[in-house]
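A closer look at the structure
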Amino acid sequence: MADLQARHPGESEYLQAVQEVLESVEDVYNQHPEFEEARIVERMVEPDRIFTFKVTWIDDEGQVQVNTGYRVQFNSAIGPYKGGIRFHRAVTPSMLKFLGFEQTFKNALTTLPMGGAKGGSDFDPKGKSDGEIMRFCQAFMTELWQCIGPDQDIPAGDVGCGGREIGYMYGMYKKLAREYNTGVLTGKGLTWGGSILRPEATGFGALYFTHHLLQKAGREIKGQRIAVSGFGNVAWGACIKATELGAKVVAISGPDGVCEIPEGITREMIDYMLVMRASNRDRVEDMADKFPGAARFTAGKKAWSVACDIALPCAFQNELSEDDARELVANGCWCCCEVSNMGCQPGAIHFFQHNGILFAPGKAVNAGGVATSGLEMTQNAEHISWDAAEVDSKLHFIMKSIHEQCVKYGTQPDGSVDYVKGANIAGFMKVAHAMLEQGII
Ligand code: 2IT
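Keep in mind that this is a model prediction, so the values were computed, not measured.

Procedures and definitions
Residues numbered from 1 in each chain as written. Predicted model: local features only at pLDDT ≥ 70, side-chain atom pairs only at ≥ 80, totals over all residues. Heavy atoms only, no water. Helix = DSSP H or I, 4+ residues; strand = E, 2+ residues; numbered from the N terminus. Buried < 20%, exposed > 50% of the residue type's maximum accessible area, 1.4 Å probe, protein only. Areas by Shrake-Rupley, 256 points an atom, 1.4 Å probe, with all protein chains shown as cover. Lys, Arg positive; Asp, Glu negative; His and termini not counted. Charge placed at Lys NZ, Arg CZ, Asp CG, Glu CD. Pairing = 2+ DSSP bridges. Axes fitted to C-alpha atoms, helices over the stretch in contact; angles between N-to-C directions. Salt bridge = Lys/Arg side-chain N within 4 Å of Asp/Glu carboxyl O. Near = heavy atom within 4 Å. Polar contact = N/O pair within 3.5 Å; in protein donor to acceptor, adjacent residues only side chain to side chain. Expected span 1.5 Å × (residues − 1). Contact = heavy atoms within 4.5 Å. Disulfide = S-S within 2.5 Å.

Regarding its fold elements, the protein presents 17 helices and 12 strands. Structurally, the protein occupies a C-alpha span of about 60 × 55 × 45 Å along its principal axes. Counting all 441 residues of the protein, 57% fall into the buried class. When the accessible surface of the protein is totalled, it reaches about 17500 Å², and 50% of it is carbon and sulfur. Taken together, the 42 basic and 55 acidic charged side chains of the protein have centroids lying 3 Å from each other.

So, on to the sheet that holds strand 3 (residues 81-87). If you walk across this open sheet you meet the 5 strands as 1-2-4-3-5, and the pairing is mixed. At either margin of the open sheet sits one strand with a lone partner, and together these are strand 1 (49-58) and strand 5 (153-157). Recorded for the sheet is a direction-independent mean angle of 20 degrees between the axes of neighbouring strands. In the sheet, strand 3 pairs with strand 5 via 5 bridges, with the strands oriented parallel. The residue of strand 5 that forms the bridge with Y81 is D153.

The next point concerns the pattern of salt bridges. Following the criterion strictly, the structure yields 25 salt bridges and no others. Linking E390 and K394 is a salt bridge whose minimum nitrogen-to-oxygen distance equals 2.9 Å. On the criterion of helical spacing, the pair formed by E390 and K394 is a turn pair, its members being 4 residues apart in helix 16 (residues 388-410). Relative accessible area serves as the criterion here: at 31%, E390 is assigned to the partly exposed category. Note on K394: relative accessible area 27%, which makes it partly exposed. Between K400 and E404 there is a salt bridge, and its shortest N-O distance comes to 3.6 Å.

Let's shift gears to the site of the ligand. Taken together, 13 residues surround the ligand, and among them K82, K106, D158, R198 and S373 come closest. Take K106: an N or O atom from its side chain is 2.7 Å from an oxygen atom of the ligand. Here an oxygen atom of the ligand sits 2.6 Å away from a polar atom, N or O, in the side chain of S373. When the ligand is considered free in solution it has 300 Å² of accessible area, and contact with the protein chains removes 93% of it. Listed by contribution, the elements that provide at least two residues to the shell around the ligand are strand 3, helix 5 (93-109), strand 5 and helix 15 (367-382). With 3 residues, the top contributor of residues to the shell around the ligand is strand 3.

Bringing helix 6 (residues 130-144) into the picture now. With 15 residues, helix 6 extends 21 Å between its outermost C-alpha atoms, agreeing within 8% with the 21 Å of an ideal straight helix rising 1.5 Å per residue. Among the residues making up helix 6, those that are buried are E132, I133, F136, C137, A139, F140, M141 and L144. On its buried face, helix 6 sits against strand 1, strand 2 (64-75), strand 3, strand 4 (115-121), strand 5 and helix 7 (163-177).

The next point concerns the state of the cysteines. For the structure shown, the criterion picks out 0 disulfides. Its sulfur unpaired, C308 is 4.3 Å from the next cysteine sulfur, which belongs to C333.

Below you can see the structure in the form of C-alpha coordinates.
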(Lines give C-alpha, C1' and ligand atoms only; values in the text may rest on other atoms or scores of the structure.)
Protein backbone atom coordinates (compact mmCIF):
# COMPACT_ATOMS: atom_id res chain seq x y z
CA MET A 1 0.00 0.00 0.00
CA ALA A 2 2.84 2.40 0.86
CA ASP A 3 4.40 1.75 -2.53
CA LEU A 4 1.07 2.27 -4.29
CA GLN A 5 0.35 5.49 -2.37
CA ALA A 6 3.75 6.87 -3.35
CA ARG A 7 3.17 6.07 -7.01
CA HIS A 8 -0.48 7.22 -7.17
CA PRO A 9 -0.70 10.17 -4.78
CA GLY A 10 -4.17 11.54 -4.19
CA GLU A 11 -5.98 8.72 -6.03
CA SER A 12 -8.16 8.18 -2.99
CA GLU A 13 -10.95 5.97 -4.40
CA TYR A 14 -8.47 3.68 -6.12
CA LEU A 15 -6.30 3.35 -2.99
CA GLN A 16 -9.40 2.74 -0.83
CA ALA A 17 -10.64 -0.09 -3.08
CA VAL A 18 -7.21 -1.75 -3.19
CA GLN A 19 -6.74 -1.43 0.58
CA GLU A 20 -10.04 -3.18 1.30
CA VAL A 21 -9.12 -6.13 -0.91
CA LEU A 22 -5.54 -6.45 0.36
CA GLU A 23 -6.70 -6.42 3.99
CA SER A 24 -9.16 -9.20 3.21
CA VAL A 25 -6.77 -11.47 1.33
CA GLU A 26 -3.64 -10.98 3.47
CA ASP A 27 -3.91 -14.26 5.41
CA VAL A 28 -4.69 -16.39 2.36
CA TYR A 29 -1.97 -14.69 0.35
CA ASN A 30 0.62 -15.45 2.99
CA GLN A 31 -0.30 -19.13 2.84
CA HIS A 32 0.58 -19.23 -0.89
CA PRO A 33 4.29 -18.56 -1.50
CA GLU A 34 3.72 -19.12 -5.22
CA PHE A 35 1.54 -15.95 -5.32
CA GLU A 36 4.32 -13.91 -3.72
CA GLU A 37 6.94 -15.40 -6.04
CA ALA A 38 4.93 -14.35 -9.12
CA ARG A 39 4.24 -10.92 -7.58
CA ILE A 40 0.51 -11.53 -8.04
CA VAL A 41 -0.62 -8.63 -5.84
CA GLU A 42 1.69 -6.09 -7.48
CA ARG A 43 0.47 -7.21 -10.89
CA MET A 44 -3.20 -7.39 -9.95
CA VAL A 45 -3.50 -3.85 -8.59
CA GLU A 46 -2.06 -2.27 -11.75
CA PRO A 47 -4.39 -1.83 -14.76
CA ASP A 48 -3.23 -3.50 -17.99
CA ARG A 49 -3.66 -0.20 -19.84
CA ILE A 50 -5.60 3.09 -19.80
CA PHE A 51 -6.79 4.97 -22.87
CA THR A 52 -7.36 8.71 -22.43
CA PHE A 53 -8.88 10.83 -25.18
CA LYS A 54 -10.41 14.19 -25.97
CA VAL A 55 -14.15 14.35 -26.66
CA THR A 56 -15.29 17.42 -28.57
CA TRP A 57 -18.96 18.13 -29.27
CA ILE A 58 -21.32 21.02 -29.90
CA ASP A 59 -24.10 21.96 -27.47
CA ASP A 60 -27.59 23.27 -28.32
CA GLU A 61 -26.34 26.88 -28.23
CA GLY A 62 -23.75 26.09 -30.87
CA GLN A 63 -20.91 26.30 -28.36
CA VAL A 64 -17.97 23.89 -28.61
CA GLN A 65 -17.61 21.68 -25.53
CA VAL A 66 -14.57 19.62 -24.56
CA ASN A 67 -14.53 16.64 -22.19
CA THR A 68 -12.06 13.89 -21.35
CA GLY A 69 -12.90 10.25 -22.13
CA TYR A 70 -11.27 7.14 -20.66
CA ARG A 71 -11.23 3.38 -20.91
CA VAL A 72 -9.39 1.47 -18.21
CA GLN A 73 -8.66 -2.12 -19.26
CA PHE A 74 -7.82 -3.56 -15.89
CA ASN A 75 -7.39 -7.32 -16.01
CA SER A 76 -7.93 -9.99 -18.69
CA ALA A 77 -6.92 -13.12 -16.73
CA ILE A 78 -10.30 -14.80 -17.00
CA GLY A 79 -11.76 -13.29 -20.16
CA PRO A 80 -12.08 -10.20 -22.36
CA TYR A 81 -12.34 -6.81 -20.65
CA LYS A 82 -15.88 -6.12 -19.43
CA GLY A 83 -17.38 -3.23 -17.50
CA GLY A 84 -19.54 -0.15 -17.67
CA ILE A 85 -19.19 3.42 -18.87
CA ARG A 86 -19.82 6.21 -16.36
CA PHE A 87 -20.83 9.72 -17.42
CA HIS A 88 -20.55 12.00 -14.40
CA ARG A 89 -18.91 15.36 -13.79
CA ALA A 90 -16.67 13.88 -11.04
CA VAL A 91 -15.13 11.13 -13.23
CA THR A 92 -11.33 10.94 -12.84
CA PRO A 93 -8.72 8.27 -13.58
CA SER A 94 -8.77 7.38 -9.84
CA MET A 95 -12.52 6.74 -9.93
CA LEU A 96 -12.32 4.58 -13.05
CA LYS A 97 -9.32 2.65 -11.71
CA PHE A 98 -11.21 1.85 -8.50
CA LEU A 99 -14.20 0.74 -10.55
CA GLY A 100 -12.08 -1.34 -12.95
CA PHE A 101 -10.32 -2.99 -10.01
CA GLU A 102 -13.64 -3.82 -8.32
CA GLN A 103 -15.03 -5.05 -11.62
CA THR A 104 -12.22 -7.59 -11.98
CA PHE A 105 -13.20 -9.30 -8.71
CA LYS A 106 -16.93 -8.92 -9.29
CA ASN A 107 -16.74 -10.46 -12.75
CA ALA A 108 -14.73 -13.36 -11.34
CA LEU A 109 -17.56 -14.00 -8.85
CA THR A 110 -20.22 -14.22 -11.58
CA THR A 111 -18.93 -17.65 -12.71
CA LEU A 112 -18.73 -16.25 -16.28
CA PRO A 113 -15.49 -15.69 -18.26
CA MET A 114 -15.11 -11.90 -18.11
CA GLY A 115 -12.09 -9.73 -17.26
CA GLY A 116 -12.41 -6.31 -15.63
CA ALA A 117 -12.67 -2.83 -17.18
CA LYS A 118 -14.36 0.52 -16.72
CA GLY A 119 -14.64 3.69 -18.75
CA GLY A 120 -16.37 7.01 -18.90
CA SER A 121 -16.09 10.73 -19.08
CA ASP A 122 -16.39 13.85 -16.94
CA PHE A 123 -19.38 14.80 -19.13
CA ASP A 124 -22.30 15.90 -16.91
CA PRO A 125 -25.67 14.65 -18.25
CA LYS A 126 -27.59 16.92 -15.85
CA GLY A 127 -29.76 19.32 -17.81
CA LYS A 128 -28.59 18.07 -21.21
CA SER A 129 -31.09 17.70 -24.06
CA ASP A 130 -31.52 14.48 -25.99
CA GLY A 131 -29.66 15.99 -28.94
CA GLU A 132 -26.74 16.96 -26.73
CA ILE A 133 -26.60 13.47 -25.23
CA MET A 134 -26.56 11.99 -28.75
CA ARG A 135 -23.81 14.26 -30.02
CA PHE A 136 -21.70 13.64 -26.95
CA CYS A 137 -22.11 9.83 -27.16
CA GLN A 138 -21.22 9.88 -30.85
CA ALA A 139 -18.12 12.00 -30.22
CA PHE A 140 -17.10 9.70 -27.35
CA MET A 141 -17.34 6.67 -29.64
CA THR A 142 -15.22 8.25 -32.41
CA GLU A 143 -12.26 7.52 -30.09
CA LEU A 144 -13.49 4.55 -28.04
CA TRP A 145 -14.26 2.29 -31.02
CA GLN A 146 -10.61 1.51 -31.61
CA CYS A 147 -10.20 0.17 -28.07
CA ILE A 148 -13.16 -2.24 -27.99
CA GLY A 149 -14.54 -5.33 -29.72
CA PRO A 150 -16.82 -8.28 -28.96
CA ASP A 151 -13.84 -10.49 -28.07
CA GLN A 152 -11.59 -7.72 -26.70
CA ASP A 153 -13.51 -5.29 -24.53
CA ILE A 154 -17.27 -5.02 -24.11
CA PRO A 155 -18.56 -1.83 -22.44
CA ALA A 156 -22.04 -1.40 -20.93
CA GLY A 157 -23.81 1.33 -18.97
CA ASP A 158 -23.15 2.71 -15.50
CA VAL A 159 -24.09 5.97 -13.72
CA GLY A 160 -25.33 8.48 -16.33
CA CYS A 161 -25.22 5.93 -19.14
CA GLY A 162 -28.35 3.83 -19.84
CA GLY A 163 -30.10 2.24 -22.78
CA ARG A 164 -30.42 5.51 -24.71
CA GLU A 165 -26.69 6.26 -24.47
CA ILE A 166 -25.73 2.68 -25.38
CA GLY A 167 -27.95 3.04 -28.48
CA TYR A 168 -26.24 6.24 -29.62
CA MET A 169 -22.82 4.71 -28.98
CA TYR A 170 -23.61 1.51 -30.88
CA GLY A 171 -24.91 3.50 -33.83
CA MET A 172 -21.61 5.36 -34.15
CA TYR A 173 -19.54 2.21 -33.47
CA LYS A 174 -20.97 0.32 -36.42
CA LYS A 175 -20.59 3.32 -38.71
CA LEU A 176 -16.91 3.68 -37.84
CA ALA A 177 -15.88 0.04 -37.47
CA ARG A 178 -18.11 -1.39 -40.23
CA GLU A 179 -18.67 -4.27 -37.83
CA TYR A 180 -22.25 -5.32 -37.21
CA ASN A 181 -21.72 -7.62 -34.24
CA THR A 182 -24.01 -6.27 -31.54
CA GLY A 183 -21.98 -8.18 -28.92
CA VAL A 184 -19.54 -5.26 -28.69
CA LEU A 185 -21.77 -3.49 -26.14
CA THR A 186 -24.30 -4.76 -23.60
CA GLY A 187 -27.41 -3.13 -22.20
CA LYS A 188 -28.76 -2.72 -25.75
CA GLY A 189 -32.36 -2.23 -26.82
CA LEU A 190 -34.50 -5.37 -26.96
CA THR A 191 -35.01 -5.20 -30.73
CA TRP A 192 -31.29 -5.15 -31.56
CA GLY A 193 -29.57 -7.72 -29.40
CA GLY A 194 -30.34 -6.54 -25.88
CA SER A 195 -31.21 -9.13 -23.26
CA ILE A 196 -34.56 -9.16 -21.62
CA LEU A 197 -34.21 -8.24 -17.92
CA ARG A 198 -30.81 -6.54 -18.33
CA PRO A 199 -32.27 -3.18 -17.15
CA GLU A 200 -33.74 -4.87 -14.05
CA ALA A 201 -30.81 -7.23 -13.45
CA THR A 202 -28.64 -5.24 -11.02
CA GLY A 203 -31.56 -4.52 -8.69
CA PHE A 204 -33.15 -7.98 -9.06
CA GLY A 205 -29.79 -9.69 -8.48
CA ALA A 206 -29.19 -7.57 -5.37
CA LEU A 207 -32.52 -8.69 -3.91
CA TYR A 208 -31.81 -12.35 -4.77
CA PHE A 209 -28.49 -12.03 -2.98
CA THR A 210 -30.18 -10.34 0.00
CA HIS A 211 -32.73 -13.17 0.06
CA HIS A 212 -29.97 -15.79 0.41
CA LEU A 213 -28.10 -13.73 2.99
CA LEU A 214 -31.25 -13.34 5.10
CA GLN A 215 -32.18 -16.99 4.68
CA LYS A 216 -28.75 -18.02 5.98
CA ALA A 217 -29.32 -15.72 8.98
CA GLY A 218 -32.76 -17.24 9.59
CA ARG A 219 -34.72 -14.19 8.45
CA GLU A 220 -36.75 -13.15 5.41
CA ILE A 221 -37.35 -10.09 3.22
CA LYS A 222 -41.12 -10.17 3.50
CA GLY A 223 -42.47 -7.43 5.75
CA GLN A 224 -39.15 -5.58 6.14
CA ARG A 225 -38.85 -1.81 5.71
CA ILE A 226 -36.16 -0.99 3.15
CA ALA A 227 -34.42 2.35 2.61
CA VAL A 228 -33.04 2.74 -0.91
CA SER A 229 -30.71 5.56 -1.98
CA GLY A 230 -30.86 7.05 -5.45
CA PHE A 231 -33.63 6.80 -8.04
CA GLY A 232 -31.69 5.60 -11.08
CA ASN A 233 -31.61 2.29 -12.89
CA VAL A 234 -30.25 0.26 -9.97
CA ALA A 235 -32.63 1.75 -7.38
CA TRP A 236 -35.52 1.17 -9.81
CA GLY A 237 -34.80 -2.57 -10.21
CA ALA A 238 -34.27 -2.96 -6.46
CA CYS A 239 -37.63 -1.27 -5.71
CA ILE A 240 -39.49 -3.55 -8.13
CA LYS A 241 -38.07 -6.78 -6.70
CA ALA A 242 -38.17 -5.68 -3.05
CA THR A 243 -41.87 -4.80 -3.42
CA GLU A 244 -42.57 -8.04 -5.29
CA LEU A 245 -40.96 -10.01 -2.43
CA GLY A 246 -43.29 -8.35 0.09
CA ALA A 247 -40.98 -5.70 1.54
CA LYS A 248 -41.91 -2.03 1.92
CA VAL A 249 -39.55 0.50 0.29
CA VAL A 250 -39.90 3.45 2.67
CA ALA A 251 -37.35 5.83 1.15
CA ILE A 252 -35.65 6.81 -2.09
CA SER A 253 -33.24 9.73 -2.40
CA GLY A 254 -31.38 12.06 -4.72
CA PRO A 255 -28.68 14.70 -4.58
CA ASP A 256 -31.35 17.19 -3.43
CA GLY A 257 -32.68 15.15 -0.47
CA VAL A 258 -34.85 12.21 0.52
CA CYS A 259 -38.44 11.15 -0.20
CA GLU A 260 -39.96 9.28 2.70
CA ILE A 261 -42.74 6.91 1.66
CA PRO A 262 -44.31 5.61 4.90
CA GLU A 263 -46.79 3.27 3.20
CA GLY A 264 -44.19 1.83 0.84
CA ILE A 265 -43.46 2.62 -2.79
CA THR A 266 -46.14 1.69 -5.34
CA ARG A 267 -45.79 0.43 -8.92
CA GLU A 268 -46.94 3.82 -10.20
CA MET A 269 -44.18 5.54 -8.26
CA ILE A 270 -41.60 3.01 -9.44
CA ASP A 271 -42.63 3.71 -13.05
CA TYR A 272 -42.26 7.43 -12.37
CA MET A 273 -38.61 6.88 -11.39
CA LEU A 274 -37.97 6.19 -15.10
CA VAL A 275 -39.52 9.53 -16.06
CA MET A 276 -37.41 11.30 -13.46
CA ARG A 277 -34.23 9.68 -14.76
CA ALA A 278 -35.05 10.44 -18.41
CA SER A 279 -35.69 14.11 -17.56
CA ASN A 280 -31.99 14.57 -16.54
CA ARG A 281 -33.15 16.93 -13.77
CA ASP A 282 -31.45 14.84 -11.06
CA ARG A 283 -34.13 15.78 -8.49
CA VAL A 284 -35.96 13.32 -6.24
CA GLU A 285 -38.32 16.09 -5.09
CA ASP A 286 -40.18 15.52 -8.36
CA MET A 287 -41.56 12.30 -6.81
CA ALA A 288 -43.13 14.23 -3.91
CA ASP A 289 -44.54 16.81 -6.35
CA LYS A 290 -46.15 14.03 -8.38
CA PHE A 291 -47.41 11.98 -5.39
CA PRO A 292 -47.95 14.61 -2.67
CA GLY A 293 -49.93 12.40 -0.27
CA ALA A 294 -47.64 9.39 -0.39
CA ALA A 295 -44.11 10.82 -0.59
CA ARG A 296 -42.72 13.45 1.79
CA PHE A 297 -39.61 15.30 0.63
CA THR A 298 -36.93 16.60 3.01
CA ALA A 299 -34.18 18.70 1.48
CA GLY A 300 -30.55 17.94 2.28
CA LYS A 301 -31.24 14.61 4.02
CA LYS A 302 -30.09 11.15 2.97
CA ALA A 303 -32.10 7.93 2.78
CA TRP A 304 -30.22 6.84 5.92
CA SER A 305 -32.18 9.29 8.06
CA VAL A 306 -35.36 7.23 7.52
CA ALA A 307 -36.02 4.38 9.99
CA CYS A 308 -35.69 1.00 8.25
CA ASP A 309 -34.74 -2.65 8.75
CA ILE A 310 -32.56 -2.98 5.66
CA ALA A 311 -30.44 -0.31 3.95
CA LEU A 312 -29.71 -0.64 0.25
CA PRO A 313 -27.23 1.97 -1.03
CA CYS A 314 -27.97 2.13 -4.77
CA ALA A 315 -26.40 5.42 -5.85
CA PHE A 316 -22.67 6.23 -5.70
CA GLN A 317 -19.39 5.34 -4.01
CA ASN A 318 -18.87 6.44 -0.40
CA GLU A 319 -22.51 7.53 -0.10
CA LEU A 320 -22.89 5.97 3.36
CA SER A 321 -20.55 7.34 6.05
CA GLU A 322 -19.83 6.08 9.56
CA ASP A 323 -22.21 8.72 10.94
CA ASP A 324 -24.91 7.46 8.57
CA ALA A 325 -24.26 3.88 9.74
CA ARG A 326 -24.66 4.99 13.37
CA GLU A 327 -27.92 6.78 12.58
CA LEU A 328 -29.27 3.76 10.70
CA VAL A 329 -28.47 1.35 13.52
CA ALA A 330 -29.82 3.73 16.18
CA ASN A 331 -33.10 3.76 14.21
CA GLY A 332 -33.33 -0.06 14.10
CA CYS A 333 -31.52 -1.07 10.91
CA TRP A 334 -29.93 -4.55 11.17
CA CYS A 335 -28.81 -5.28 7.59
CA CYS A 336 -27.04 -3.37 4.84
CA CYS A 337 -26.47 -4.82 1.40
CA GLU A 338 -24.28 -2.49 -0.65
CA VAL A 339 -25.68 -2.29 -4.17
CA SER A 340 -23.64 0.68 -5.43
CA ASN A 341 -19.94 0.07 -6.05
CA MET A 342 -18.08 0.80 -2.78
CA GLY A 343 -21.18 2.60 -1.49
CA CYS A 344 -20.06 2.45 2.14
CA GLN A 345 -17.06 4.28 3.57
CA PRO A 346 -14.58 2.05 5.45
CA GLY A 347 -15.72 3.50 8.80
CA ALA A 348 -19.32 2.53 8.03
CA ILE A 349 -18.34 -1.06 7.16
CA HIS A 350 -16.30 -1.41 10.36
CA PHE A 351 -19.17 0.02 12.41
CA PHE A 352 -21.66 -2.44 10.86
CA GLN A 353 -19.31 -5.37 11.37
CA HIS A 354 -18.46 -4.50 14.98
CA ASN A 355 -22.12 -4.14 15.85
CA GLY A 356 -23.33 -7.44 14.43
CA ILE A 357 -25.14 -5.84 11.48
CA LEU A 358 -25.42 -8.10 8.45
CA PHE A 359 -23.32 -6.50 5.73
CA ALA A 360 -22.40 -7.55 2.19
CA PRO A 361 -20.19 -5.64 -0.26
CA GLY A 362 -21.16 -4.28 -3.68
CA LYS A 363 -18.94 -6.55 -5.71
CA ALA A 364 -21.04 -9.52 -4.53
CA VAL A 365 -24.45 -7.86 -4.17
CA ASN A 366 -24.52 -5.94 -7.49
CA ALA A 367 -22.84 -8.55 -9.70
CA GLY A 368 -26.20 -9.51 -11.23
CA GLY A 369 -25.92 -6.54 -13.61
CA VAL A 370 -22.69 -7.56 -15.25
CA ALA A 371 -23.68 -11.23 -15.00
CA THR A 372 -26.73 -10.49 -17.13
CA SER A 373 -24.46 -8.56 -19.50
CA GLY A 374 -22.52 -11.83 -19.77
CA LEU A 375 -25.80 -13.60 -20.58
CA GLU A 376 -26.49 -10.93 -23.22
CA MET A 377 -23.09 -11.68 -24.79
CA THR A 378 -23.91 -15.40 -24.88
CA GLN A 379 -27.24 -14.74 -26.58
CA ASN A 380 -25.52 -12.44 -29.12
CA ALA A 381 -22.82 -15.04 -29.85
CA GLU A 382 -25.47 -17.72 -30.39
CA HIS A 383 -27.70 -15.35 -32.42
CA ILE A 384 -30.70 -16.16 -30.28
CA SER A 385 -32.64 -14.57 -27.44
CA TRP A 386 -33.93 -16.23 -24.32
CA ASP A 387 -37.22 -15.45 -22.65
CA ALA A 388 -37.55 -13.68 -19.29
CA ALA A 389 -38.00 -16.90 -17.34
CA GLU A 390 -34.74 -18.32 -18.68
CA VAL A 391 -32.69 -15.16 -18.00
CA ASP A 392 -34.25 -14.75 -14.55
CA SER A 393 -33.51 -18.33 -13.53
CA LYS A 394 -29.90 -18.03 -14.71
CA LEU A 395 -29.54 -14.73 -12.83
CA HIS A 396 -30.95 -16.29 -9.68
CA PHE A 397 -28.61 -19.27 -10.01
CA ILE A 398 -25.61 -16.95 -10.39
CA MET A 399 -26.55 -14.85 -7.34
CA LYS A 400 -27.03 -18.02 -5.29
CA SER A 401 -23.61 -19.20 -6.40
CA ILE A 402 -22.00 -15.86 -5.48
CA HIS A 403 -23.59 -16.16 -2.04
CA GLU A 404 -22.20 -19.69 -1.70
CA GLN A 405 -18.71 -18.50 -2.66
CA CYS A 406 -18.92 -15.80 0.03
CA VAL A 407 -19.96 -18.40 2.61
CA LYS A 408 -17.18 -20.77 1.52
CA TYR A 409 -14.41 -18.19 1.90
CA GLY A 410 -15.94 -15.92 4.54
CA THR A 411 -17.23 -18.23 7.29
CA GLN A 412 -15.60 -17.29 10.59
CA PRO A 413 -14.70 -19.59 13.52
CA ASP A 414 -17.90 -18.51 15.33
CA GLY A 415 -20.02 -19.58 12.34
CA SER A 416 -20.91 -16.07 11.18
CA VAL A 417 -20.08 -15.01 7.61
CA ASP A 418 -17.74 -12.11 6.82
CA TYR A 419 -19.11 -11.29 3.36
CA VAL A 420 -16.37 -8.72 2.68
CA LYS A 421 -13.67 -11.30 3.21
CA GLY A 422 -15.67 -14.02 1.46
CA ALA A 423 -16.24 -11.98 -1.72
CA ASN A 424 -12.71 -10.60 -1.85
CA ILE A 425 -10.98 -13.92 -1.25
CA ALA A 426 -13.23 -15.83 -3.69
CA GLY A 427 -12.63 -13.29 -6.46
CA PHE A 428 -8.94 -13.01 -5.69
CA MET A 429 -8.30 -16.78 -5.72
CA LYS A 430 -9.91 -17.18 -9.13
CA VAL A 431 -8.03 -14.32 -10.77
CA ALA A 432 -4.74 -15.19 -9.02
CA HIS A 433 -4.81 -18.81 -10.18
CA ALA A 434 -5.64 -17.77 -13.75
CA MET A 435 -2.74 -15.31 -13.72
CA LEU A 436 -0.34 -17.94 -12.35
CA GLU A 437 -1.30 -20.43 -15.04
CA GLN A 438 -0.74 -17.84 -17.81
CA GLY A 439 2.83 -17.03 -16.80
CA ILE A 440 4.59 -13.73 -16.19
CA ILE A 441 3.00 -11.29 -18.64
O1 2IT B 1 -20.74 -1.76 -12.14
C2 2IT B 1 -21.16 -2.60 -12.95
O3 2IT B 1 -21.04 -3.81 -12.74
C4 2IT B 1 -21.79 -2.12 -14.17
N5 2IT B 1 -21.91 -0.92 -14.35
C6 2IT B 1 -22.28 -3.08 -15.22
C7 2IT B 1 -21.16 -3.49 -16.11
C8 2IT B 1 -21.56 -4.36 -17.27
O9 2IT B 1 -20.66 -4.65 -18.08
O10 2IT B 1 -22.71 -4.76 -17.39
